[in-house]
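Each chain, written out:
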Amino acid sequence: QVQLVESGGGLVQPGGSLRLSCEASGSAFSIGAMGWFRQGSEIQRELVATITRGGNTIYADSIKGRFTISRDNAKNTVYLQMNSLKPEDTDVYYCTAQTIRIYWGQGTQVTVSS
C-alpha cells in the first residue's frame, strides 16, 4: 500500500500563487504516473494535471498556462505550482499515484478569495 501526504494548500488572494506538494511512501513498486485532481462537483472529480516518470505532462484546458506540474522521482514527490489563481480554482485538490493500482491522497483545501 502507498500513503500520499499532501501539503501547501491554504487561503490566497486572486492573482496569487500556491505550491502544492505530495509525497508518496510505502510503495513496494516503482511509482508511475502521478497527478492532481480537484473535487469539481459532488459527483465528478476533475483532472487538473498528470505527469509520467519521464516528465510527460497533461493539463486541463481550464488551467493551462497558469499551473505547472513537476516531480522529483528520488523523493517520490509531485508538485503543483499554481499561479494567477482565480476564485473558480477554489476546491479540494487530491494527489494521485499509480503503481499496480491508483492511490489517492486525502485532499488539501485551496481557497482563492479577497
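Right above here is the structure, for reference.
Residues numbered from 1 in each chain as written. Predicted model: local features only at pLDDT ≥ 70, side-chain atom pairs only at ≥ 80, totals over all residues. Heavy atoms only, no water.

Undergrad: Would you mind going over the packing of aromatic side chains with me for this structure?
TA: Where two aromatic rings form a pair, the distance of their centres and the angle of their planes describe that pair. The full count for this structure, using the stated rule, is two aromatic pairs. With 5.1 Å between their ring centres and 55° between their planes, Phe37 and Trp104 make a pair best called tilted. Of this pair, Phe37 sits in strand β4 (residues 34-38) while Trp104 sits in strand β10 (residues 102-104), and the two are 67 residues apart along the sequence. With relative accessibility at 36%, the residue Trp104 sits in the partly exposed group. (Phe/Tyr/Trp six-rings, centres within 6.5 Å; stacked < 30°, edge-to-face > 60°. Helix = DSSP H or I, 4+ residues; strand = E, 2+ residues; numbered from the N terminus. Buried < 20%, exposed > 50% of the residue type's maximum accessible area, 1.4 Å probe, protein only.)

Undergrad: For this particular structure, what's the right way to read the nonpolar core?
TA: As a rule of thumb, nonpolar side chains are buried together in soluble globular proteins. Counting residues in each nonpolar core, the largest one holds 27 residues, and the members touching the most others are Trp36, Leu80, Met82 and Tyr93. Listing elements by their share of this core, those giving two or more residues are β3 (18-25), β4, β5 (46-51), β7 (67-72), β8 (77-82), β9 (91-98) and β11 (108-112). With four residues, β3 is the single largest residue contributor to this core. Excluding its chain neighbours within four sequence positions, the residues that come into contact with Tyr93 are Glu6, Leu20, Trp36, Phe37, Arg38, Val48, Phe67, Leu80, Met82, Gly107, Thr108 and Val110. (Core = buried A, V, L, I, M, F, W, Y, C linked by side-chain atoms within 4.5 Å. Contact = heavy atoms within 4.5 Å.)

Undergrad: Any chance you could explain the pattern of salt bridges here in plain terms?
TA: Any two side chains of opposite charge can pair, so long as their charged atoms come close to each other. This structure, assessed with the given rule, holds four salt bridges. For Asp89, the salt bridge goes to Arg38, with nearest N and O atoms at 3.2 Å. A residue pair is termed long-range when its members are at least 10 positions apart, and Asp89 in the loop between β8 and β9 and Arg38 in strand β4 qualify at 51 residues. Taking the relative accessible area as the measure of exposure, Asp89 reaches 1% and is therefore buried. Across the pair Arg66 and Asp89 runs a salt bridge, and its minimum N-O distance is 2.7 Å. With Arg66 in the loop between β6 (57-59) and β7 and Asp89 in the loop between β8 and β9, this pair connects stretches of sequence that are 23 residues apart. (Salt bridge = Lys/Arg side-chain N within 4 Å of Asp/Glu carboxyl O.)

Undergrad: In this structure, what is going on with the sheet that holds β7? I would like to understand it.
TA: The pairing of strands in a sheet happens through backbone hydrogen bonds and is either parallel or antiparallel. What the four strands build is an open sheet, ordered β1-β3-β8-β7; its pairing is antiparallel. Each of the sheet's edge strands pairs with one partner strand only, and the pair in question is β1 (3-7) and β7. Taking the axes of each pair of neighbouring strands and ignoring which way they run, one obtains an average angle of 15° across the sheet. With six bridges joining them, β7 and β8 adopt antiparallel strand pairing. Pairing of Phe67 across the sheet is with Met82, part of β8. (Pairing = 2+ DSSP bridges. Axes fitted to C-alpha atoms, helices over the stretch in contact; angles between N-to-C directions.)

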